[in-house]
Amino acid sequence: MFGDMMNMMGKLKEAQKKVEETKKRLDSVLIDETSHDNKLKVTLTANRTIKSIDIDDELFNDKEQLEDYLILTLNKAIEKATKINEAELAAAAKDGMPNIPGMDMFK
């Protein structure tokens, strides 16, 4: 029984390491999102860090319109990044988890 417990602890540490490695890798996964008319483009990592924003000069003429574009486009990009982030981290955690009866958290 003690050996089983040590084995499970080792697997948990391995799962934690895989999750940390996945988090680092997600810093290099880039998500691009553009407005419907391509006047605004944002790029962020799968960890939801903004890397760049490209704004068409025309949008600088209307502050309210620019704000709307930023909100809509950033929210779409963040939503995509969140889905990728959550799926990748769940897969990394599930892959490294020991098989503990009754603990099927990642179905």
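Computed from a prediction, not measured in an experiment: that's the story for all the values here.

A. Up close: the pairing of strand β3 (residues 50–55). Where strand β2 (residues 40–45) lies against β3, five bridges are found, and the strand directions are antiparallel. Within β3, the residue paired with Val42 across the bridge is Ile53. Connecting β2 to the antiparallel partner β3 that follows it, the hairpin turn spans four residues, and Arg48 within it adopts a positive phi of roughly 65°.

B. Expanded view of the pairing of β2. Within β2, five of the six residues are buried, which leaves it mostly tucked inside the rest of the structure. For strand β1 (residues 30–34) and β2, the ladder comprises five bridges, and the chain directions are antiparallel. By the bridge assignment for β2, Ile31 is matched with Leu44. Between β1 and β2, which pair antiparallel in sequence order, lie five residues; one of them, Asn38, sits at a positive phi of approximately 65°.

C. Representation of the nonpolar core within the structure. Among the nonpolar cores identified, the biggest contains twelve residues, and these are Val19, Leu26, Ile31, Val42, Leu44, Ala46, Leu74, Ala77, Ala81, Leu89, Ala92 and Ala93. Here this core gets six residues from one element, more than from any other, and that element is helix α2 (residues 63–96). Apart from residues no more than four positions distant in its own chain, Ala46 is found in contact with Leu26, Val29, Ile31, Ala81, Ile84 and Asn85.

D. Quick peek at unusual backbone geometry. In this model, Asn38 sits at a positive phi of 65°, which is unusual for a non-glycine residue. Tracing the sequence through the fold places Asn38 in the loop between β1 and β2. With relative accessibility at 59%, the residue Asn38 sits in the exposed group. Unusually for a residue other than glycine, Arg48 sits at a positive phi of about 65°.

E. Just the environment of Asn47, in detail. Mapped onto the fold, Asn47 is located in the loop between β2 and β3. Taking the C-alpha atoms as reference, Asn47 lies 9.1 Å from Ile78; in sequence the two are 31 residues apart. Once residues within four sequence positions are removed from consideration, Asn47 is found in contact with Lys23, Leu26, Asp27 and Asn85. A polar contact is formed between the side chain of Asn47 and the backbone oxygen of Lys23, at a distance of 2.7 Å.

F. Representation of the pattern of salt bridges within the structure. All told, the structure shown has eight salt bridges when counted by the stated rule. Note that Lys18 is salt-bridged to Glu14, the shortest N-O span being 3.8 Å. Of this pair, Lys18 and Glu14 are both found in helix α1 (residues 2–26), four residues apart, which corresponds to roughly one turn of the helix. Note on Glu14: relative accessible area 42%, which makes it partly exposed.

Definitions and cut-offs
- Residues numbered from 1 in each chain as written.
- Predicted model: local features only at pLDDT ≥ 70, side-chain atom pairs only at ≥ 80, totals over all residues.
- Heavy atoms only, no water.
- Pairing = 2+ DSSP bridges.
- Helix = DSSP H or I, 4+ residues; strand = E, 2+ residues; numbered from the N terminus.
- Buried < 20%, exposed > 50% of the residue type's maximum accessible area, 1.4 Å probe, protein only.
- Core = buried A, V, L, I, M, F, W, Y, C linked by side-chain atoms within 4.5 Å.
- Contact = heavy atoms within 4.5 Å.
- Polar contact = N/O pair within 3.5 Å; in protein donor to acceptor, adjacent residues only side chain to side chain.
- Salt bridge = Lys/Arg side-chain N within 4 Å of Asp/Glu carboxyl O.

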